[in-house]
Amino acid sequence: MILQWQEAALLLSAPHVYYLILWFFPKLWCRLCDALRMDPCALMCSVALLFKVEQFAVWAMFYLSFAPDYGTVISDVFQNGGLPRVVAAILFITIGQTLNVCAVRALGVNGIYYGFRFGKHIPWCTEWPYGGAMHVPHPQYVGAIMSIVGLPLLLATEAHLQAGIQWMSLAWVGYYIINGVTEEFLHQLDWAKKRKA
């Protein structure tokens, strides 16, 4: 089965729709978790991990739908950008994954998986990447975006570009931007309401 970029982009949106539903309806999620006798952050984490597997499978299925043999991939990557392309891609992926790991380490499961939306007290984090002189706004999303950009930069061949890997990746990046902007905007509204109260 050949997966077109539009189909892949639609499938890649699933976890982002899930995150937005939980953001807008946290009480509904908490009621479901209470009925299942599960912690809302732990269940969200488990479901999010399943979505990561789904995203990886979608990306791999799209990539393999248009992948020439392994030798051609290596040859094409080095002919179209060479070593600077490979180094840039590896830097994007490495920095992106470092941001993700550090964000999870700094906030823990309850912080990353909407604990404050589910009524848990999550202390304000001042640890890097959230605080300090070199802080990164929304480091988990920035890290994911860097990895999404880095992966096709590293592996895309001419066949992948013709198939729309850049458009699929752009849509995927857009989902993270939508989630980040939505969370930031609504978080600011929550803070404003608390200050008035």
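Just above sits the structure.
This one's a predicted model, so the numbers in the text were calculated from it and none came from an experiment.

Digging into the nonpolar core
And then number 1: Counting residues in hydrophobic clusters, the biggest one holds 38 residues, and the most contacted among them are Trp-29, Met-44, Tyr-114 and Phe-118.
And then number 2: Within the residue set of this core, elements represented by two or more residues are α1 (5-12), α2 (14-24), α3 (26-36), α4 (40-65), α6 (82-112), α7 (139-155) and α9 (165-196).
And then number 3: Sort the elements by how many residues they give to this core and α4 lands first, with 10 residues.
And then number 4: Aside from chain neighbours lying at most four places away, what touches Trp-29 is Tyr-18, Leu-22, Pro-40, Leu-43, Met-44, Val-47 and Phe-118.

Looking at the pattern of salt bridges
And then number 1: On inspection of all chains with the given rule, the structure shows two salt bridges.
And then number 2: The salt bridge involving Lys-120 is made with Asp-39; its shortest N-O contact spans 2.4 Å. With Lys-120 in the loop between α6 and α7 and Asp-39 in the loop between α3 and α4, this pair connects stretches of sequence that are 81 residues apart.
And then number 3: By relative accessible area, Asp-39 is classed as partly exposed at 32%.
And then number 4: For the salt bridge of Arg-105 with Glu-127, the shortest nitrogen-to-oxygen distance reads 2.6 Å. A residue pair is termed long-range when its members are at least 10 positions apart, and Arg-105 in helix α6 and Glu-127 in the loop between α6 and α7 qualify at 22 residues.
And then number 5: The exposure class of Arg-105 is exposed, given its relative accessible area of 57%.

A look at α2
And then number 1: Listed in full, the buried residues belonging to α2 are Pro-15, His-16, Tyr-18, Tyr-19, Leu-22 and Trp-23. Viewed end-on, α2 has its buried residues packed into an arc of 155°, placing them on one side of the element.

A short note on the packing of α1 against α2
And then number 1: At a closest axis distance of 4 Å, the pairing of α1 and α2 adopts a crossing angle of 30°. One element, α1, and the other, α2, form an angle in the roughly parallel class. Listed contacts from α2 to Leu-10, Leu-11 and Leu-12 of α1 are Ala-14, Pro-15 and His-16.
And then number 2: Among the residues forming the contact of α1 with α2, the class breakdown is five nonpolar, one polar and no charged.

Cut-offs used in this document
Residues numbered from 1 in each chain as written. Predicted model: local features only at pLDDT ≥ 70, side-chain atom pairs only at ≥ 80, totals over all residues. Heavy atoms only, no water. Core = buried A, V, L, I, M, F, W, Y, C linked by side-chain atoms within 4.5 Å. Buried < 20%, exposed > 50% of the residue type's maximum accessible area, 1.4 Å probe, protein only. Helix = DSSP H or I, 4+ residues; strand = E, 2+ residues; numbered from the N terminus. Contact = heavy atoms within 4.5 Å. Salt bridge = Lys/Arg side-chain N within 4 Å of Asp/Glu carboxyl O. Arc of directions from axis to C-beta. Axes fitted to C-alpha atoms, helices over the stretch in contact; angles between N-to-C directions. Parallel < 35°, antiparallel > 145°, perpendicular 65-115°, else oblique. Nonpolar A, V, L, I, M, F, W, Y, C, P; charged D, E, K, R; others polar.

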